[in-house]
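# Chain and residue survey
Each chain, written out:
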Amino acid sequence: MSGASGLTHIGARGEAHMVDVGAKAETERTAVAEGFVSMKRETLATIVAGNAKKGDVLGTARIAGIMAAKKTHELIPLCHPLLLTKVSVDIEPVEALPGLKVTALARVTGKTGVEMEALTAASVACLTIYDMAKAVDRAMTISGIRLVEKTGGKSGSYKADEDGTAGR
């Protein structure tokens, strides 16, 4: 049920509430999100070589992203706790930035989607990269965090266009 605004988490009087998904069918739902961390070329080389003073930046960021996806309902008000069946975080160098591209996938068989879990995983993985390399490059920037695609559920599939706009 939507409130006057058409938003599912807002009641008729504007009050926030958690959506009742009890009557919805369980389906397999998948979401993919991405984000980017731009940095100096020297910082990227240090991270890729595994020579960061704080340790394995990429491995730590992957674990942080996975852990964050599992705790999304504790971080984002009104998100349902989900029994995730898969979370993966992939990180690849992008020489053209220069920097790193983070791609997070979340999957569940359930009554509600996993977009917030994928977005949280990508965001926290990017934040972890920043944290682990900030001693050598405080000018790093995090950008482009977005939902890339989602499948399953009543609303069907979504796929973002290459330029970041919505597509199908």
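So, about the side chain of Thr-112. Relative to the helices and strands, Thr-112 is located in the loop between strand E3 (99–110) and helix H4 (115–133). Take Thr-112: its relative accessible area is 18%, and that puts it in the buried class. In contact with Thr-112, not counting residues within four places along its chain, are Val-21, Arg-29, His-80 and Leu-82.

Relative to the elements of secondary structure, Met-140 occurs in the loop between H4 and strand E4 (141–151). With relative accessibility at 5%, the residue Met-140 sits in the buried group.

Right, let's get into the pattern of salt bridges. By the definition in use, this model includes seven salt bridges. Measuring nitrogen to oxygen at the nearest pair gives 2.4 Å for the salt bridge that ties Lys-134 to Asp-131. Overall, Lys-134 belongs to the partly exposed group, its relative accessible area being 23%. Looking at Asp-131, the relative accessible area reads 33%, which means it is partly exposed. Of the charged contacts, one joins Lys-159 and Glu-149 as a salt bridge, the two residues approaching to 3.8 Å between their closest N and O atoms.

How each quantity is defined
- Residues numbered from 1 in each chain as written.
- Predicted model: local features only at pLDDT ≥ 70, side-chain atom pairs only at ≥ 80, totals over all residues.
- Heavy atoms only, no water.
- Helix = DSSP H or I, 4+ residues; strand = E, 2+ residues; numbered from the N terminus.
- Buried < 20%, exposed > 50% of the residue type's maximum accessible area, 1.4 Å probe, protein only.
- Contact = heavy atoms within 4.5 Å.
- Salt bridge = Lys/Arg side-chain N within 4 Å of Asp/Glu carboxyl O.

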